[in-house]
Amino acid sequence: MTDWLDQLWDTLTSVSVPLLILGIVFQTLQTVLVALAWRNILRASYPDGGVTYRNTLGYYAGGNGLNAILPASAGTVAMLGLFRSSIAGSTVAGLVGATAVENIFFAVVGALVYLWLFLGVAGSFDVKLGWFADHWGLTLIILVAGGLLIGVVGRMLWHRLKTTWENAKEGGAILRTPRKFMVQVVGVEALSYVARMGVNATFMYAYDIPVSVENVFLIVAAASVSSTVALAPGAVGAQTALASVVLKGVAPQATISAYTIGQSLITTAWNAVFGLTMLARTIGWEDTRKLMHRKKKDTTEDGEAKAEAVPAEPD
């Protein structure tokens, strides 16, 4: 821990104060905007559930803060648990549906960014079927057998999933009013995406990495991939490795490494400080500390995760 703090301090002192503040402002803006989108989704799904922006920001930012120090996206699980315990009438399936709605914009933009990257690399779509082309008969049998197996399993699970699906649809209530969804979710998250790009551009400039739309998108794509497979807290190692690959040739390798490690350390540390502070203001420091140190999640008989924290009274 001491070595990590020493590395963080060296990183902080290597960036000019104005750029450090600007980067943190962009990072904070990204968090508060995504929290606003979450509030809008949850309020549409549970209009009588007592959803407030203060609590939503505390839970979302707190989830980010926990993800910065706990592995395997444990903070996201804690966030959903806090939503479940504080929103009257909410269900785990409904909150999963709300999560899917919250991710629509980022999934579409991410897919477009990946497509742009693949199209920019010659031969990326030249997929060779190899063995399948040489054994088309066996391939056909495998496909038919696989389809039948999926059909049988799907029929067995259908009745169980039907109830879950009905509950999940409540989390997507805002989709029934497309205009509200476009303004209160897509529009807000688009602004958060701009803020994310601002974070990258600021620290790229601070570390003398050429700032361009292409380079910023390369970093955004690398961060998206690393967060998808995040196992380590903050996914710092994955982000550093991927960013070093996508920026190869743009700047000296030593400069790229300093930038990727520096940005990852600063943003992860700020997510932890800001997120846990907001969470403590919402549910109290004692309950926040319990979430930070909890190793195992208690579950109810139906498998729903319980949050140990008791949310603050709504504003």
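Please refer to the structure placed before this passage.
Since the model is a prediction, treat every value here as computed from it, not as a measurement. (Residues numbered from 1 in each chain as written. Predicted model: local features only at pLDDT ≥ 70, side-chain atom pairs only at ≥ 80, totals over all residues. Heavy atoms only, no water.)

Asks: How would you explain the nonpolar core if you had to name every residue and give the values?
Replies: Trp38, Leu42, Leu66, Phe83, Ile209 and Tyr259 are the most contacted members of the largest nonpolar core, which totals 58 residues. Looking at this core, the elements that each hand over two or more residues are helix 2 (17-45), helix 3 (53-69), helix 4 (74-86), helix 5 (92-119), helix 8 (178-206), helix 9 (213-228), helix 11 (253-283) and helix 12 (285-293). Once residues within four sequence positions are removed from consideration, Phe83 is found in contact with Trp38, Leu42, Thr56, Tyr59, Ser90 and Leu95. (Core = buried A, V, L, I, M, F, W, Y, C linked by side-chain atoms within 4.5 Å. Buried < 20%, exposed > 50% of the residue type's maximum accessible area, 1.4 Å probe, protein only. Helix = DSSP H or I, 4+ residues; strand = E, 2+ residues; numbered from the N terminus. Contact = heavy atoms within 4.5 Å.)

Asks: Pulling in residues and values, what's your account of the environment of Val220?
Replies: Residue placement: Val220 occurs in helix 9. When the C-alpha atoms of Val220 and Arg196 are compared, they prove to be 7.9 Å apart, with 24 residues separating the residues in sequence. For Val220, the residues in contact, after removing those within four places along its chain, are Tyr193, Arg196, Met197 and Asn200.

Asks: So what about the packing of aromatic side chains? Which residues, and what values?
Replies: Counted by the stated rule, this structure contains six aromatic pairs. Relative to Phe83, the ring of Tyr59 lies with its centre 5.7 Å away and its plane at 70°, an arrangement referred to as edge-to-face. One end of the pair, Tyr59, is in helix 3; the other, Phe83, is in helix 4, and 24 residues separate them in sequence. Judged by its relative accessible area of 1%, Phe83 falls in the buried class. Measuring from centroid to centroid gives 6.1 Å for Phe105 and Tyr193, while their planes differ by 85°, and the two rings are edge-to-face. Taken together, the residues span a long stretch of sequence, with Phe105 in helix 5 and Tyr193 in helix 8 at a distance of 88 residues. Residue Phe105 is classed as buried on the basis of its relative accessible area, which comes to 14%. An aromatic cluster of three or more residues is present, and its members are Trp38, Tyr59 and Phe83. (Phe/Tyr/Trp six-rings, centres within 6.5 Å; stacked < 30°, edge-to-face > 60°.)

Asks: Any chance you could break down helix 4 for me, citing the residues and the numbers?
Replies: Along its 13 residues, helix 4 runs 19 Å from first to last C-alpha, staying within 8% of the 18 Å computed at 1.5 Å per residue. Turning to helix 4, its buried residues are Ala74, Gly75, Ala78, Met79, Gly81, Leu82 and Phe83. (Expected span 1.5 Å × (residues − 1).)

Asks: Give me the lowdown on unusual backbone geometry, citing residues and values where you can.
Replies: The backbone of Asp208 sits at a positive phi, close to 60°, despite the residue not being glycine. Among the structural elements, Asp208 can be located in the loop between helix 8 and helix 9. Look at Asp208 and you get exposed, because its relative accessible area is 64%.

Asks: Provide a residue-level description of the packing of helix 3 against helix 4, including the pertinent values.
Replies: Running from amino to carboxyl end, helix 3 crosses helix 4 at an angle of 155°, the nearest separation of the two axes being 7 Å. When the axes of helix 3 and helix 4 are compared, the pair comes out roughly antiparallel. Crossing hand, helix 3 versus helix 4: right-handed. Contact residues: helix 3 offers Thr56, Tyr59, Tyr60, Gly63, Leu66 and Asn67, while helix 4 offers Ala74, Gly75, Thr76, Ala78, Met79, Leu82, Phe83 and Ser86. Split by residue class, the contact of helix 3 with helix 4 holds eight nonpolar, six polar and no charged. (Axes fitted to C-alpha atoms, helices over the stretch in contact; angles between N-to-C directions. Parallel < 35°, antiparallel > 145°, perpendicular 65-115°, else oblique. Left-handed = near helix turned anticlockwise from the far one by under 90°. Nonpolar A, V, L, I, M, F, W, Y, C, P; charged D, E, K, R; others polar.)

Asks: Break down the pattern of salt bridges for me, citing the residues and quoting the values.
Replies: For the structure on display, the rule yields one salt bridge. Measuring nitrogen to oxygen at the nearest pair gives 2.6 Å for the salt bridge that ties Glu286 to Arg289. With Glu286 and Arg289 both in helix 12, this residue pair falls three residues apart, about one helical turn. (Salt bridge = Lys/Arg side-chain N within 4 Å of Asp/Glu carboxyl O.)

Asks: Any details on the packing of helix 8 against helix 11? Residues and values, ideally.
Replies: Here helix 8 crosses helix 11 at 130°, and the two axes come no closer than 10 Å. By the criterion of interaxial angle, the relationship of helix 8 to helix 11 is oblique. Once helix 8 is placed against helix 11, the crossing between them reads as right-handed. Contact residues: Val199, Asn200, Phe203 and Met204 in helix 8; Tyr259, Gln263, Ile266 and Thr267 in helix 11. Looking at side-chain class alone, the contact of helix 8 with helix 11 contains five nonpolar, three polar and no charged residues.

Asks: Tell me about the side chain of Asn200, and please be specific about residues and values.
Replies: Note on placement: Asn200 falls in helix 8. Here Gln263 takes part through its side chain, which lies 2.7 Å from a polar atom of the side chain of Asn200. (Polar contact = N/O pair within 3.5 Å; in protein donor to acceptor, adjacent residues only side chain to side chain.)

Asks: Go over a nonpolar patch on the surface, please, and point to the residues and values.
Replies: A cluster of nonpolar residues, Ile104, Val108, Leu112, Leu115 and Leu175, forms a patch on the protein surface that exposes about 410 Å² of accessible area. Relative to the helices and strands, Val108 resides in helix 5. Since its relative accessible area comes to 46%, Val108 is described here as partly exposed. (Patch = residues over 30% accessible without salt bridge, like charges linked within 9 Å, V, L, I, M, F, W, Y side chains within 5 Å. Areas by Shrake-Rupley, 256 points an atom, 1.4 Å probe, with all protein chains shown as cover.)

Purely geometric numbers; function is a separate question.
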